Amino acid sequence: MSDEYPAMQVPAEPMPPGYQPYVPPNPDEVGVEISDELAQVVRHARRIVVLSGAGMSAESGVPTFRDAQSGLWERFDPASLATQFAWDDDPEFVWAWYAWRVGLVRRVWPNAGHLAIAAWGRRRGVQVITQNVDDLHERAGSTEVAHLHGSLFAYRCAECGHPYDAEIEVPDEPVERLTPPRCEVCGAWVRPGVVWFGEYLPQEVMEAATTMIESLEPGDLVLSVGTSGVVYPAAGFPAMARAAGATTVEINPTETEISDHFHHVIRDTAARALPALVALVAAE
Ligand code: OAD
């Protein structure tokens, strides 16, 4: 696999009618349990790092992978969609599935959780390390986002790695097969810009993320939002952050494989819990 990853393209779409800009809620009216101890850390945090997974975008309408009933891996077989083997075997089948997901993400919007992180970032600077391949953090206004698993929108040649910038055909519904475009340089198939199982993570992004975590210190805050904590290396970041001295917080409606690595847990959703935390800062 090529080490060179093209820059992510963010679709410049207008906000839909009725879409409200983010306004921090009144902390007294937010029904999310936050301990006094955690509130102190949030108010005084020096550096803030958000580690996000699929649950971050669930309330925008993007399905997670492993949630019962709604998770993508409940309905689709990862081995036939998200591996090099699957691509070699049937590129048109794989391309059709990713093209459908591109369309799905284009039709949805950042939720109150994405918007709260972006608002916090404007006040304090927030670094986001995400496993998500959508662009909802960026569309919400976050400027420092590291995509560990690549991007749905950064297509590249499967052979020479050359970025493919042209529009692609996007079906509204899942279709069985779709012919991928051809590379303008070498004529090979263009592939999705995401990381598949068994592939290396983008080296530069991985190094930047590891440095972000290893340089944390006591007084810094790490929020892990909406990840089941089963896919490494991302699942190892909370333990690394805690070892570095940062205060770690899990935001997830259910317990995860890595819940033990957190000083605090908020058993609530991203779109409820994050505005509640940011309201503490906004109320200062
Ligand atoms: P998962 O689908 O494994 O986990 C989603 C998590 O989000 C679960 O723990 C849910 O409880 C939680 N969740 C659901 N709704 C939520 C909400 N509204 N607010 C907060 N949390 C919510 O997704 P990831 O952990 O991101 O990789 O999956 C990691 C990787 O596995 C993905 O990046 C993808 C997948 O295979 C590749 O494709 C390489």
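Conventions used here
- Every chain is numbered on its own, with residues counted from 1 as its sequence reads.
- Since the coordinates come from a predicted model, pLDDT governs what is reported: local features require at least 70, and pairs of side-chain atoms require 80 or more to be given and counted, while whole-chain, interface and lining totals use all residues.
- Only hydrogens and water are set aside when side-chain values are computed; all heavy atoms of the structure are taken into account.
- For every residue, the accessible area (1.4 Å probe, protein chains only) is compared with the maximum for its type, and the residue is labelled buried under 20%, exposed over 50%, or partly exposed between those bounds.
- For the purposes of this entry, the term helix denotes a DSSP run of H or I that reaches at least four residues, the term strand denotes a run of E that reaches at least two, and both are numbered from the N terminus.
- Strand pairing follows a simple DSSP-based rule, namely that at least 2 bridges must link the two strands.
- Axis angles are defined between N-to-C directions and span 0 to 180 degrees, where every axis is a line fitted to C-alpha atoms and, for a helix, only to the segment in contact.
- Contacts are assigned to residue pairs that have any heavy atoms within 4.5 Å of one another.
- Pairs were defined over the aromatic rings of Phe, Tyr and Trp, the Trp ring being its six-membered one, requiring ring centres within 6.5 Å. Orientation was assigned from the angle between planes: stacked under 30 degrees, edge-to-face over 60, tilted for the rest.

Enquirer: Can you tell me about the pairing of strand β1 (residues 48-52), naming the residues and giving the values?
Expert: If a strand is regular, its side chains alternate between the two faces of the sheet. A large share of β1 lies buried, amounting to five of its five residues. Bridge analysis of β1 against strand β6 (residues 221-225) gives five bridges, and the strand direction is parallel. Across the sheet, the residue bridging to V49 is V222, located in β6.

Enquirer: Which residues make up the sheet that holds strand β2 (residues 126-130), and what are the values?
Expert: Spatial strand order, β3-β2-β1-β6-β7-β8: six strands in an open sheet with parallel pairing. Bordering the open sheet on either side are β3 (145-147) and β8 (264-266), each of which pairs with just one other strand. Across this sheet, the average inter-strand angle for adjacent strands is 20°, counted without regard to direction. Where β2 meets β3, three bridges bridge the pair, whose relative direction is parallel. Its bridge partner being in β3, T130 is matched across the sheet by H147. Set on the sheet, helix α1 (residues 36-44) makes contact with β6, β7 (247-251) and β8; between it and β8 the angle comes to about 95°.

Enquirer: Which residues make up the environment of G236, and what values go with them?
Expert: Position of G236 among the secondary structure elements: in the loop between β6 and α8 (237-244). Assessed through its relative accessible area of 15%, G236 is described here as buried. Note: C-alpha distance between G236 and I258 (22 residues apart in sequence) is 8.5 Å.

Enquirer: How would you sum up the packing of aromatic side chains? Please name residues and give values.
Expert: Under the criterion given, the structure shown has nine aromatic pairs. For the pair F76 and W100, a centre-to-centre distance of 5.9 Å together with 50° between the ring planes defines the contact as tilted. With F76 in the loop between α2 (72-75) and α3 (84-89) and W100 in helix α4 (residues 91-106), this pair connects stretches of sequence that are 24 residues apart. With a centroid separation of 6.4 Å and an interplanar angle of 50°, the aromatic rings of Y98 and W196 are classed as tilted. Here W196 lies in the loop between β5 (190-191) and α7 (203-214) and Y98 lies in helix α4, a separation of 98 residues in the sequence. You'll find Y98 and W196 in the same group, each marked buried. These aromatic residues form a ring-pair network of at least three members: F65, W73, F76, W87, W97, Y98, W100, W196 and F197.

Everything listed is a geometric property; what it means functionally is a separate question.
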